[in-house]
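Chain and residue survey
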Amino acid sequence: MTHLFTMFFNKSVLSLVLIVTMSLVVDSRPATFLQDFRITWSDSHIRQLDGGRAIQLVLDQNSGCGFASKSQYLFGRVSMKIKLIPGDSAGTVTAFYMNSDTDQVRDELDFEFLGNRTGQPYSVQTNVYAHGKGDREQRVNLWFDPAADFHTYSILWNHHHVVFSVDEVPIRVYKNNEAKGVPFPKFQPMGVYSTLWEADDWATRGGLEKIDWRKAPFYAYYKDFDIEGCPVPGPKACASNPSNWWEGASYQQLDAVAARRYRWVRLNHMVYDYCTDKRRYPVTPPECVAGI
């Protein structure tokens, strides 16, 4: 009798584990577009695909478009797979960023994909605003064609650093150097945003290359929307919880493999770094000296 009860109990536990596991799989990331996001600009220019698991952004002479997360977050990681505008995309900007949505003391973490003339490399510009101070641009020429297929772009944000990555390759690290007087975004929650727009006064070769509207409409595609972080409003203790996976020891600094990839990007693909721009900054910014 005891043996039969044990077998029944074990099978019941196993069934419960399977049910819970299946439930977790159904609710797992990535999310559909409308689960986490809303359209903020020109809903006629954002089209849902594959049951909302992907979207198409459209830019034409009438309008660009944009979307934003329904919630703000304080620390975590956000990632999306994006396929950029193919062919002649000069003068266009596809942006994916986090923003505190505060007017004066703004925090912001930017990916901006700068369009190009056909055959030229696609550049991605990153920027960091902390406590209202920005102008920390870096540009990297991507080592692949980002319009040929989807690639994963992510921002990891914890108490130790901000890491911008492309297909798990770090292209920018902004460290928390508050102890050396360098501001770091850690007090204000940020939403997740994306826009597709025309910026031919600066986007391609400093504005020398203008948008060719004969090539319009321009399309960018997104899928696999993934936000993991502390939502605000939400549990107040979340953001300071050291048990959050993004605060774990393995995420507090780059590991040896990631550090090698990061050096490779900076040596071979970086085309602009504000830290070395003596015309703009005759005195090197303190975060550059501190080891950004």
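Reading the values: rules and limits
- Residues numbered from 1 in each chain as written.
- Predicted model: local features only at pLDDT ≥ 70, side-chain atom pairs only at ≥ 80, totals over all residues.
- Heavy atoms only, no water.
- pLDDT = per-residue confidence, 0-100.
- Contact = heavy atoms within 4.5 Å.
- Disulfide = S-S within 2.5 Å.
- Buried < 20%, exposed > 50% of the residue type's maximum accessible area, 1.4 Å probe, protein only.
- Phe/Tyr/Trp six-rings, centres within 6.5 Å; stacked < 30°, edge-to-face > 60°.
- Helix = DSSP H or I, 4+ residues; strand = E, 2+ residues; numbered from the N terminus.
- Lys NZ or Arg CZ within 6 Å of the ring centre and 35° of its normal.
- UniProt positions renumbered as here; feature names shortened; annotations may be inferred.
- Polar contact = N/O pair within 3.5 Å; in protein donor to acceptor, adjacent residues only side chain to side chain.
- Salt bridge = Lys/Arg side-chain N within 4 Å of Asp/Glu carboxyl O.

Turning to the confidence of the model for the protein, a few remarks are in order. Caution applies to low-pLDDT regions: their predicted coordinates should not be interpreted in detail. Taken as a whole, the protein shows an average pLDDT of 88; of its residues, 87% reach a score of 70 or greater. Across residues 1–28, where pLDDT falls below 50, the model places 0 contacts with residues more than four positions away in sequence or in other chains.

In this section: the state of the cysteines. Considering all chains together, one arrives at 2 disulfides under this definition. Covalently, Cys230 is tied to Cys238 through a disulfide, its sulfur atoms 2.0 Å apart. Given an S-S torsion of about -75 degrees, the disulfide between Cys230 and Cys238 has left-handed geometry. Side by side, Cys230 and Cys238 carry an identical accessibility label, which is buried. Each bonded cysteine of the protein is numbered by sequence order, and under that numbering the disulfide pairs are 1-2, 3-4.

Below, the discussion takes up the packing of aromatic side chains. Using the criterion set out here, one finds 20 aromatic pairs in the structure. With a centroid separation of 5.7 Å and 55 degrees between ring planes, the pair formed by Phe33 and Phe225 is classed as tilted. Taken together, the residues span a long stretch of sequence, with Phe33 in helix α2 (residues 33–36) and Phe225 in strand β14 (residues 218–232) at a distance of 192 residues. Residue classification places Phe33 among the buried residues on the basis of a relative accessible area of 0%. Put simply, the rings of Phe33, Phe37, Phe67, Tyr222 and Phe225 pair up and form one aromatic cluster. When the ring centre of Tyr129 is taken as reference, the NZ or CZ atom of Arg106 above it lies at 3.9 Å. Across the ring face of Phe150, the terminal group of Lys223 is positioned such that the distance to the ring centre comes to 4.5 Å.

With that settled, consider the UniProt feature "active site" (unreviewed entry) in the protein. The residues that UniProt annotates with the feature "active site" (unreviewed entry) are Glu108 and Glu112. On the secondary structure map, Glu108 appears in strand β7 (residues 108–114). With relative accessibility at 7%, the residue Glu108 sits in the buried group. What Glu108 contacts, discounting residues up to four positions off in sequence, is Tyr97, Met98, Asn99, Asn127, Val128, Tyr129 and Met190. Only 2.3 Å separates the side chain of Glu108 from the side chain of Asn99, close enough to count as a polar contact. Its location among the elements puts Glu112 in strand β7. We classify Glu112 as buried; its relative accessible area is 14%.

The residue Pro242 is located in the loop between β14 and α3 (256–268) in this model. The class of Pro242 is exposed, set by a relative accessible area of 66%. Measuring from C-alpha to C-alpha, the distance between Pro242 and Asn158 comes to 10.0 Å, with 84 residues separating the pair along the chain.

Where charged atoms from two side chains of opposite charge come close, those side chains can pair. A complete count under the given rule lists 12 salt bridges for this structure. Here Arg136 makes a salt bridge to Glu287, at a shortest N to O gap of 2.8 Å. Within this pair, whereas Arg136 is found in the loop between β8 (123–129) and β9 (138–141), its partner Glu287 is found in helix α4 (residues 286–290), the two being separated by 151 residues in sequence. For Arg136, a relative accessible area of 2% translates into the label buried. In this structure, Asp273 engages Arg266 in a salt bridge whose closest nitrogen and oxygen atoms are separated by 3.4 Å. Since its relative accessible area comes to 10%, Asp273 is described here as buried. Taken together, the shared-partner salt bridges in this structure form one network comprising Asp88, Arg117, Asp212, Arg214 and Lys215.

Turning next to the environment of Ser79. Structurally, Ser79 can be placed in strand β5 (residues 72–83). For the pair Ser79 and Ser165, spaced 86 residues apart in sequence, the C-alpha separation works out to 9.1 Å. Beyond its immediate sequence surroundings of up to four residues, Ser79 is in contact with Phe96, Thr152, Tyr153, Ser154, Asp224, Phe225 and Asp226.

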